[in-house]
Amino acid sequence: MKVGIVGVGNVGATVAYTLAIQSEVSELVLVDKNLDRAKGEALDLTHGVPFIPYVSIDYGDVTALGDVDLIIVTAGAPRTNESSRLDLARANTELFKKLIPSIDAVNSKALYLIASNPVDILTYATIKFSGRSPERVIGSGNVLDSLRFRSLIGQYFKVEPGNVNAYLLGEHGESAVPIWSEAFVGCTPLRSMEGYDKKDMKKIFLQATSVSKEIIDLKGSTYYAVSLCIKKIVQAIYRNKNKVMPVSTLLTDYYGISNVCLSVPTVINRRGVSRTLKIPLSKTEHKLLKNSANILGGVLDDLGLRVE
(Lines give C-alpha, C1' and ligand atoms only; values in the text may rest on other atoms or scores of the structure.)
Protein backbone atom coordinates (compact mmCIF):
# COMPACT_ATOMS: atom_id res chain seq x y z
CA MET A 1 0.00 0.00 0.00
CA LYS A 2 1.25 3.47 -0.88
CA VAL A 3 0.57 6.07 1.82
CA GLY A 4 0.91 9.85 1.72
CA ILE A 5 1.34 11.87 4.90
CA VAL A 6 0.41 15.54 4.66
CA GLY A 7 2.15 17.53 7.37
CA VAL A 8 5.40 16.19 8.82
CA GLY A 9 5.64 18.00 12.11
CA ASN A 10 5.87 16.00 15.33
CA VAL A 11 2.76 13.92 14.63
CA GLY A 12 3.33 13.40 10.91
CA ALA A 13 7.00 12.48 11.28
CA THR A 14 6.25 10.03 14.09
CA VAL A 15 3.46 8.46 12.04
CA ALA A 16 5.90 8.11 9.14
CA TYR A 17 8.41 6.31 11.35
CA THR A 18 5.75 4.05 12.88
CA LEU A 19 4.42 3.05 9.46
CA ALA A 20 7.89 2.64 7.95
CA ILE A 21 8.81 -0.13 10.39
CA GLN A 22 5.63 -2.10 9.58
CA SER A 23 5.15 -4.46 6.65
CA GLU A 24 1.82 -3.05 5.44
CA VAL A 25 3.23 0.07 3.78
CA SER A 26 5.45 -0.40 0.72
CA GLU A 27 5.77 3.30 -0.20
CA LEU A 28 5.61 6.49 1.84
CA VAL A 29 5.32 10.01 0.47
CA LEU A 30 5.95 12.88 2.89
CA VAL A 31 4.28 16.18 2.01
CA ASP A 32 4.76 19.46 3.79
CA LYS A 33 4.62 23.15 2.91
CA ASN A 34 8.22 23.21 4.15
CA LEU A 35 9.87 21.03 1.50
CA ASP A 36 13.20 21.08 3.32
CA ARG A 37 11.52 19.57 6.39
CA ALA A 38 9.84 16.90 4.26
CA LYS A 39 13.13 16.09 2.51
CA GLY A 40 15.01 15.92 5.80
CA GLU A 41 12.50 13.52 7.35
CA ALA A 42 12.52 11.35 4.22
CA LEU A 43 16.33 11.17 4.19
CA ASP A 44 16.50 10.36 7.90
CA LEU A 45 13.99 7.52 7.52
CA THR A 46 15.63 6.21 4.36
CA HIS A 47 18.93 5.69 6.18
CA GLY A 48 17.21 3.15 8.45
CA VAL A 49 15.65 1.11 5.62
CA PRO A 50 18.29 -1.69 5.75
CA PHE A 51 17.06 -2.55 9.26
CA ILE A 52 13.29 -2.60 8.55
CA PRO A 53 10.89 -4.25 6.09
CA TYR A 54 11.68 -2.55 2.79
CA VAL A 55 9.78 0.66 2.19
CA SER A 56 10.35 3.33 -0.46
CA ILE A 57 10.32 6.82 1.04
CA ASP A 58 9.82 9.96 -1.04
CA TYR A 59 8.82 13.56 -0.41
CA GLY A 60 7.27 16.49 -2.27
CA ASP A 61 4.32 18.84 -2.50
CA VAL A 62 0.70 17.74 -3.00
CA THR A 63 1.37 16.76 -6.61
CA ALA A 64 3.37 13.80 -5.26
CA LEU A 65 0.12 12.28 -3.94
CA GLY A 66 -1.24 11.36 -7.36
CA ASP A 67 -1.09 7.58 -6.99
CA VAL A 68 -1.25 6.97 -3.23
CA ASP A 69 -3.92 4.67 -1.79
CA LEU A 70 -4.33 6.42 1.57
CA ILE A 71 -3.79 10.05 2.53
CA ILE A 72 -3.13 10.72 6.21
CA VAL A 73 -3.59 14.40 7.08
CA THR A 74 -1.83 15.68 10.18
CA ALA A 75 -1.35 19.26 8.90
CA GLY A 76 -2.79 22.16 10.81
CA ALA A 77 -2.23 24.61 13.60
CA PRO A 78 -1.28 22.61 16.70
CA ARG A 79 -3.57 22.36 19.68
CA THR A 80 -2.51 24.46 22.65
CA ASN A 81 -4.04 24.76 26.09
CA GLU A 82 -4.59 28.50 25.50
CA SER A 83 -6.59 28.34 22.24
CA SER A 84 -10.31 27.66 22.29
CA ARG A 85 -11.92 24.84 20.34
CA LEU A 86 -13.60 27.31 18.01
CA ASP A 87 -10.35 29.24 17.38
CA LEU A 88 -8.54 26.05 16.39
CA ALA A 89 -11.52 24.84 14.34
CA ARG A 90 -11.70 28.11 12.44
CA ALA A 91 -7.97 28.25 11.66
CA ASN A 92 -7.70 24.65 10.50
CA THR A 93 -10.97 24.69 8.57
CA GLU A 94 -9.59 27.60 6.54
CA LEU A 95 -6.47 25.56 5.89
CA PHE A 96 -8.51 22.52 4.80
CA LYS A 97 -10.65 24.68 2.53
CA LYS A 98 -7.55 25.16 0.36
CA LEU A 99 -5.65 21.96 1.11
CA ILE A 100 -8.30 19.31 0.42
CA PRO A 101 -9.31 20.57 -3.06
CA SER A 102 -5.63 20.85 -4.01
CA ILE A 103 -5.14 17.19 -3.06
CA ASP A 104 -8.31 16.14 -4.87
CA ALA A 105 -7.06 17.82 -8.03
CA VAL A 106 -4.29 15.19 -8.23
CA ASN A 107 -5.97 12.24 -6.49
CA SER A 108 -9.74 11.85 -6.23
CA LYS A 109 -9.81 8.17 -5.24
CA ALA A 110 -7.59 7.67 -2.19
CA LEU A 111 -9.01 7.15 1.28
CA TYR A 112 -8.57 9.99 3.73
CA LEU A 113 -7.50 9.44 7.34
CA ILE A 114 -7.75 12.71 9.26
CA ALA A 115 -5.61 13.17 12.37
CA SER A 116 -5.57 16.98 12.61
CA ASN A 117 -7.52 18.71 15.37
CA PRO A 118 -10.33 19.28 16.07
CA VAL A 119 -10.62 15.95 14.30
CA ASP A 120 -14.44 15.67 14.26
CA ILE A 121 -14.84 19.09 12.65
CA LEU A 122 -12.04 18.50 10.14
CA THR A 123 -13.38 15.06 9.19
CA TYR A 124 -16.69 16.74 8.33
CA ALA A 125 -14.85 19.53 6.50
CA THR A 126 -12.90 16.98 4.44
CA ILE A 127 -16.10 15.28 3.32
CA LYS A 128 -17.55 18.66 2.37
CA PHE A 129 -14.49 20.03 0.59
CA SER A 130 -13.47 16.79 -1.14
CA GLY A 131 -16.86 15.64 -2.42
CA ARG A 132 -15.92 12.07 -1.48
CA SER A 133 -18.52 9.69 -0.14
CA PRO A 134 -18.47 9.72 3.69
CA GLU A 135 -17.29 6.11 3.76
CA ARG A 136 -13.98 7.22 2.21
CA VAL A 137 -13.13 9.68 5.00
CA ILE A 138 -12.14 8.48 8.46
CA GLY A 139 -11.23 10.59 11.46
CA SER A 140 -8.84 9.14 14.06
CA GLY A 141 -11.51 10.16 16.56
CA ASN A 142 -11.52 8.55 19.98
CA VAL A 143 -9.25 5.62 19.25
CA LEU A 144 -6.55 7.21 21.41
CA ASP A 145 -9.01 8.39 24.07
CA SER A 146 -10.44 4.89 24.39
CA LEU A 147 -6.92 3.45 24.56
CA ARG A 148 -6.12 5.77 27.46
CA PHE A 149 -9.42 4.84 29.10
CA ARG A 150 -8.70 1.11 28.80
CA SER A 151 -5.15 1.54 30.07
CA LEU A 152 -6.28 3.38 33.19
CA ILE A 153 -9.02 0.83 33.90
CA GLY A 154 -6.50 -1.96 33.46
CA GLN A 155 -4.10 -0.29 35.90
CA TYR A 156 -6.89 0.18 38.43
CA PHE A 157 -8.01 -3.47 38.37
CA LYS A 158 -4.46 -4.81 37.83
CA VAL A 159 -5.21 -6.52 34.52
CA GLU A 160 -3.58 -6.22 31.12
CA PRO A 161 -5.34 -3.32 29.30
CA GLY A 162 -5.86 -5.51 26.23
CA ASN A 163 -8.36 -7.48 28.33
CA VAL A 164 -10.44 -4.35 28.94
CA ASN A 165 -13.23 -3.53 26.51
CA ALA A 166 -14.40 0.04 27.08
CA TYR A 167 -15.19 2.98 24.83
CA LEU A 168 -15.15 6.74 24.98
CA LEU A 169 -17.55 7.87 22.26
CA GLY A 170 -18.73 11.22 20.91
CA GLU A 171 -16.41 14.19 20.54
CA HIS A 172 -12.66 13.85 20.62
CA GLY A 173 -12.62 16.44 23.36
CA GLU A 174 -14.40 17.75 26.41
CA SER A 175 -17.83 16.23 25.70
CA ALA A 176 -16.60 12.66 25.17
CA VAL A 177 -18.94 10.05 26.64
CA PRO A 178 -17.79 7.06 28.76
CA ILE A 179 -19.90 3.99 27.97
CA TRP A 180 -19.92 2.43 31.44
CA SER A 181 -22.92 0.21 30.75
CA GLU A 182 -21.00 -1.81 28.13
CA ALA A 183 -17.55 -1.80 29.75
CA PHE A 184 -16.03 -5.20 30.52
CA VAL A 185 -12.89 -6.71 31.97
CA GLY A 186 -12.63 -9.99 30.14
CA CYS A 187 -16.22 -11.26 30.25
CA THR A 188 -17.00 -9.51 33.54
CA PRO A 189 -19.09 -6.32 33.48
CA LEU A 190 -17.03 -3.50 34.93
CA ARG A 191 -19.59 -2.80 37.64
CA SER A 192 -19.31 -6.42 38.81
CA MET A 193 -15.54 -6.29 39.27
CA GLU A 194 -14.21 -6.61 42.78
CA GLY A 195 -13.02 -3.20 43.90
CA TYR A 196 -15.33 -1.26 41.58
CA ASP A 197 -15.99 2.22 42.90
CA LYS A 198 -18.12 4.73 41.00
CA LYS A 199 -16.12 7.73 42.25
CA ASP A 200 -12.85 6.14 41.20
CA MET A 201 -14.27 5.37 37.76
CA LYS A 202 -15.24 9.01 37.33
CA LYS A 203 -11.65 10.00 38.19
CA ILE A 204 -10.40 7.55 35.55
CA PHE A 205 -12.68 9.12 32.93
CA LEU A 206 -11.56 12.64 33.81
CA GLN A 207 -7.91 11.57 33.67
CA ALA A 208 -8.39 9.89 30.29
CA THR A 209 -9.89 13.06 28.80
CA SER A 210 -7.50 15.56 30.41
CA VAL A 211 -4.12 13.82 30.23
CA SER A 212 -3.39 15.27 26.77
CA LYS A 213 -3.40 18.76 28.31
CA GLU A 214 -0.85 17.58 30.86
CA ILE A 215 1.35 16.13 28.11
CA ILE A 216 1.13 19.38 26.12
CA ASP A 217 2.16 21.34 29.23
CA LEU A 218 5.08 18.99 29.83
CA LYS A 219 6.48 18.50 26.30
CA GLY A 220 4.54 20.67 23.89
CA SER A 221 2.54 18.05 21.98
CA THR A 222 1.47 14.42 21.86
CA TYR A 223 2.56 12.11 19.05
CA TYR A 224 3.78 8.65 20.08
CA ALA A 225 0.47 7.10 21.16
CA VAL A 226 -1.52 8.71 18.36
CA SER A 227 0.93 7.31 15.81
CA LEU A 228 0.31 3.81 17.17
CA CYS A 229 -3.45 4.37 16.88
CA ILE A 230 -3.05 5.49 13.26
CA LYS A 231 -0.95 2.39 12.59
CA LYS A 232 -3.84 0.21 13.82
CA ILE A 233 -6.30 2.00 11.55
CA VAL A 234 -3.93 1.59 8.59
CA GLN A 235 -3.58 -2.12 9.36
CA ALA A 236 -7.37 -2.51 9.46
CA ILE A 237 -7.61 -0.89 6.03
CA TYR A 238 -4.72 -2.77 4.42
CA ARG A 239 -5.65 -6.19 5.80
CA ASN A 240 -9.37 -5.67 5.16
CA LYS A 241 -9.91 -6.70 8.78
CA ASN A 242 -13.43 -5.41 9.43
CA LYS A 243 -12.00 -4.20 12.72
CA VAL A 244 -14.29 -2.33 15.10
CA MET A 245 -12.78 0.98 16.21
CA PRO A 246 -14.20 4.20 17.73
CA VAL A 247 -13.26 6.42 14.79
CA SER A 248 -14.97 9.64 13.76
CA THR A 249 -17.38 9.22 10.88
CA LEU A 250 -20.42 10.97 9.43
CA LEU A 251 -23.56 9.69 11.14
CA THR A 252 -27.03 9.22 9.73
CA ASP A 253 -29.76 8.47 12.27
CA TYR A 254 -27.44 6.93 14.84
CA TYR A 255 -29.81 6.96 17.80
CA GLY A 256 -31.35 10.05 16.21
CA ILE A 257 -27.99 11.73 15.49
CA SER A 258 -27.34 12.84 11.90
CA ASN A 259 -25.18 15.21 9.84
CA VAL A 260 -22.27 15.37 12.24
CA CYS A 261 -19.00 13.46 12.57
CA LEU A 262 -18.17 11.90 15.91
CA SER A 263 -16.83 8.64 17.28
CA VAL A 264 -18.97 5.53 17.52
CA PRO A 265 -18.01 1.84 17.11
CA THR A 266 -17.23 1.57 13.40
CA VAL A 267 -16.25 -1.35 11.17
CA ILE A 268 -13.11 -0.48 9.18
CA ASN A 269 -11.91 -2.35 6.09
CA ARG A 270 -10.32 -1.73 2.69
CA ARG A 271 -13.26 0.38 1.54
CA GLY A 272 -12.94 2.66 4.55
CA VAL A 273 -16.02 2.80 6.76
CA SER A 274 -18.06 -0.35 6.25
CA ARG A 275 -20.78 0.39 8.80
CA THR A 276 -21.39 1.69 12.30
CA LEU A 277 -22.54 -0.55 15.14
CA LYS A 278 -25.28 0.46 17.54
CA ILE A 279 -24.37 -0.69 21.02
CA PRO A 280 -26.90 -0.56 23.87
CA LEU A 281 -26.80 2.77 25.67
CA SER A 282 -28.26 3.76 29.00
CA LYS A 283 -30.60 6.76 29.03
CA THR A 284 -27.84 8.90 30.49
CA GLU A 285 -25.30 7.76 27.87
CA HIS A 286 -27.81 8.42 25.08
CA LYS A 287 -28.43 11.91 26.42
CA LEU A 288 -24.72 12.65 26.72
CA LEU A 289 -24.00 11.38 23.22
CA LYS A 290 -26.70 13.63 21.77
CA ASN A 291 -25.29 16.53 23.77
CA SER A 292 -21.83 15.84 22.30
CA ALA A 293 -23.35 15.80 18.80
CA ASN A 294 -25.15 19.10 19.50
CA ILE A 295 -21.90 20.74 20.66
CA LEU A 296 -20.08 19.65 17.51
CA GLY A 297 -23.05 20.63 15.38
CA GLY A 298 -22.96 24.08 16.91
CA VAL A 299 -19.31 24.49 15.91
CA LEU A 300 -20.11 23.31 12.37
CA ASP A 301 -22.92 25.86 12.21
CA ASP A 302 -20.70 28.65 13.55
CA LEU A 303 -18.20 27.85 10.80
CA GLY A 304 -20.91 27.74 8.13
CA LEU A 305 -19.98 24.17 7.21
CA ARG A 306 -23.26 22.39 7.76
CA VAL A 307 -26.19 22.34 5.38
CA GLU A 308 -29.27 20.55 6.66
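Owing to the predicted nature of the structure, the values given are computational and were not obtained by experimental measurement. (Residues numbered from 1 in each chain as written. Predicted model: local features only at pLDDT ≥ 70, side-chain atom pairs only at ≥ 80, totals over all residues. Heavy atoms only, no water.)

### Looking at the side chain of Thr18
What counts here: Segments assigned H or I by DSSP are reported as helices when at least four residues long, segments assigned E as strands when at least two residues long, and all are numbered from the N terminus. When accessible area is computed with a 1.4 Å probe and restricted to protein chains, residues below 20% of their type maximum are described as buried, those above 50% as exposed, and intermediate ones as partly exposed. Residue contacts follow a heavy-atom distance rule, with two residues in contact if any of their heavy atoms lie within 4.5 Å.
Along the polypeptide, Thr18 turns up in helix α1 (residues 10–20). A residue is classified by how much of its surface remains accessible, and Thr18, at 6% relative accessible area, is buried. Ignoring anything within four residues of it in the chain, the contact list for Thr18 reads Ser227, Leu228 and Lys231.

### Some thoughts on the packing of aromatic side chains
Convention followed: In summary, the pairing rule links any two rings of Phe, Tyr or Trp, Trp by its six-membered ring, whose centres are within 6.5 Å, and it sorts them by plane angle into stacked for under 30 degrees, edge-to-face for over 60 and tilted for everything else. Whether a charge sits over a ring depends on NZ of Lys or CZ of Arg being within 6 Å of the ring centre and within 35 degrees of the ring normal.
Using the criterion set out here, one finds four aromatic pairs in the structure. Ring geometry for Tyr254 versus Tyr255: centroids 5.3 Å apart, planes at 90°, classification edge-to-face. Overall, the relative accessible area of 2% leaves Tyr254 in the buried class. Looking at Tyr255, the relative accessible area reads 25%, which means it is partly exposed. Taking NZ or CZ as reference, Lys219 lies 3.9 Å from the ring centre of Tyr223, over its face. Its end group placed over the ring of Tyr255, Lys278 keeps NZ or CZ at 5.3 Å from the ring centre.

### Points about the pairing of strand β3 (residues 56–60)
How we decide: A strand pair is defined by DSSP finding two or more bridges across the two strands. Orienting the strands away from the viewer, one traces the path from the first strand over the helix to the second; a clockwise path indicates a right-handed crossover.
Here strand β2 (residues 27–31) runs beside β3; their pairing, made up of five bridges, is parallel. Residue Glu27 lies in a different strand from β3, and its bridge partner there is Ser56. Crossover β2 to β3 through helix α2 (residues 35–46) is right-handed.

### A closer look at the pattern of salt bridges
Worth spelling out the cut-off: Just to be clear on terms, a salt bridge is a Lys or Arg side-chain nitrogen sitting within 4 Å of an Asp or Glu carboxyl oxygen.
Using the criterion set out here, one finds nine salt bridges in the structure. The salt bridge partner of Glu41 is Arg37, with a shortest N-O separation of 2.9 Å. Taken together, the residues span about one helical turn, with Glu41 and Arg37 both in helix α2 at a distance of four residues. Owing to a relative accessible area of 18%, Glu41 belongs among the buried residues under this scheme. Here Lys97 ties to Glu94 by a salt bridge, and the two come within 3.2 Å at their closest N and O atoms. With Lys97 and Glu94 both in helix α3 (residues 85–104) and three residues apart, this pair spans about one turn of that helix.

### A word on α1
Where burial is concerned, most of α1 is hidden: eight out of the eleven residues are buried. Taken together, the buried positions of α1 are Gly12, Ala13, Thr14, Val15, Ala16, Thr18, Leu19 and Ala20. Buried residues belonging to α1 abut β1 (2–6), β2, α2, β4 (70–73) and α7 (224–238).

Honestly, that's just the spatial picture; any functional story needs more than this.
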